[in-house]
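Given next are the chains, with one letter for each unit.
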Amino acid sequence: MKRVYPIILGLLATIVISCISCSNDDNNITTTPTTPTPSGINPGTDSNFTIVANTDTGFTSFNRKVVVFGIDIYAVAGVEDAKLLHAANVMAQYLDNNEDGVVDDQAVIDKMVENRAYLVMWASENDLNIDPPAGRIGQDLGNGETNPSFVSNGRTGQFDASLEEVLHIINNAGHSLAYPSAFGQNAGSDLANAMDIARGGQFMTIPNPYPTTAWYTYDDATCDYASCQTIEYLYWALTSMLGAQENRLDEIGHEWKLNTNALVQSTDTAIFTLLSNPTYKMPTVLPDGTYRQ
C-alpha cells in the first residue's frame, strides 16, 4: 500500500514544504480561476470546481490545479481532467462531509492551510521529481490509481486510491497537528496507543512475525512507527468504518483484518471510540466523488 509522509514514495525529494505563493486563504471553494486558463487546458465541467493554470513556485511541471477550501491539488498534463476533478470532489466530501458548503472542522482546515498542504497528481513516477518550497506538507496520487467508478460499482474492482491518499493529507497536515494528543504521530498519542493494541504491542521496528493476536500487521520496513504506521492505521480504521474496505478482505488481509464497521466496533474499541468522538467531527459518509454543495 503506497504511503508518503511527508511524501513521495520514498524515492524522491522531501515534500514537507512551505508556501511561497498561496492560492486561496479563505475556506470557501474556489470556483473562479485566479489565473487565465492557457490554451490546451480544459477548465472542466464541474459545478463546484474550476481547473486553473498553475504557476506556483516549485511545481512548474504541473500545468494546472484545482483549489479546495484553500488546499491546492496540482496535476501534470498526463492526468485526466475527470480524475483531477474527482480528487477535488473527494477532498471536499472528506472536509465537508455533510456537504453544506462549510468545512466540518475549522481547526483541521486551519492547520492544513497554515502548512500549505497540497496534493500532487502524477501520470508517471518521474513526474514526482520536483523541488517544492520548504515548509509545505504534501501527498501524491497517481492518475492510474484514481478510479472514480469504485464506489458506484458497489465498492468492487480496482480500488479508488483517492479515498486513501486524499485522506492521508487531511490526517497528516490536519488532524495530527490540530489534535496532537489525540492524533499525534508519536508514541503516547491516543492514535498510537490504539495502534499498539492493534499491532499486538508497541513495536518501533517491524516484528517478524507480528503476534497472532494482531489485526494491523503492516510490514513495510521503510514505514516508521511515528510518521507512517500511525497514519496508515488511521486510514485503515476510518475507511473500514465508512465501508470502503468491506469487499476487500482477500486483498488487504495481510495488512488489516477489520475490514467492516462492525469488526472495528467490536474488536478495535479504542480506535472506534476515538474516531466516533464528536469532538473531532470525523467523516461518517464515504466520499463518492460527487460533492453536492
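Source: prediction; values computed, not measured.

Calculation notes
- Residues numbered from 1 in each chain as written.
- Predicted model: local features only at pLDDT ≥ 70, side-chain atom pairs only at ≥ 80, totals over all residues.
- Heavy atoms only, no water.
- Helix = DSSP H or I, 4+ residues; strand = E, 2+ residues; numbered from the N terminus.
- Buried < 20%, exposed > 50% of the residue type's maximum accessible area, 1.4 Å probe, protein only.
- Contact = heavy atoms within 4.5 Å.
- Arc of directions from axis to C-beta.
- 1 Å grid on protein atoms, 1.4 Å probe; cavity = no way out; pocket = protein on both sides within 12 Å on 5 of 7 lines; lining within 4 Å.
- Points joined across faces, edges and corners; volume = space filled by probe spheres on them.
- Nonpolar A, V, L, I, M, F, W, Y, C, P; charged D, E, K, R; others polar.

Draft legend 1. The arrangement of the environment of Ser 61 in detail. Secondary-structure assignment places Ser 61 in the loop between β2 (52–53) and β3 (64–68). Relative accessible area serves as the criterion here: at 39%, Ser 61 is assigned to the partly exposed category. For Ser 61 and Ile 130, which are 69 residues apart along the polypeptide, the C-alpha to C-alpha distance reads 7.7 Å. In this structure Ser 61 touches Val 76, Asp 127 and Ile 130, once residues within four positions along its chain are discounted.

Draft legend 2. Inspection of helix α10 (residues 269–276) at higher detail. Every buried residue of α10 is accounted for by Ile 271, Phe 272, Leu 274 and Leu 275. Within α10, the buried residues cover an arc of 165 degrees as seen down the axis, which keeps them to one side. Packed against the buried residues of α10 are α5 (180–183), α6 (190–198), α7 (225–242) and α9 (261–267).

Draft legend 3. Focus on unusual backbone geometry. For the peptide bond that leads from Asn 208 to Pro 209, omega is 0 degrees, which places it in the cis range. Position of Pro 209 among the secondary structure elements: in the loop between α6 and α7. Its identity as a non-glycine residue notwithstanding, Glu 99 has a phi of 55 degrees, on the positive side. For Lys 281, which is not glycine, the phi dihedral falls at a positive 50 degrees.

Draft legend 4. Just empty space enclosed by the protein, in detail. All told, the structure shown has one cavity of 30 Å³ or more when counted by the stated rule. Estimates place the volume of the largest cavity at around 110 Å³. Every residue lining the largest cavity is counted, 15 residues in all, and those nearest its centre are Tyr 94, Leu 95, Val 108, Ile 170 and His 175. Counting residues per element, the ones that place at least two in the lining of the largest cavity are α1 (81–95), α2 (106–114) and α4 (162–178). The element contributing the most residues to the lining of the largest cavity is α4, with four residues. Classifying every residue of the lining of the largest cavity gives ten nonpolar, two polar and three charged.

Honestly, it's all geometry; don't read function into it.
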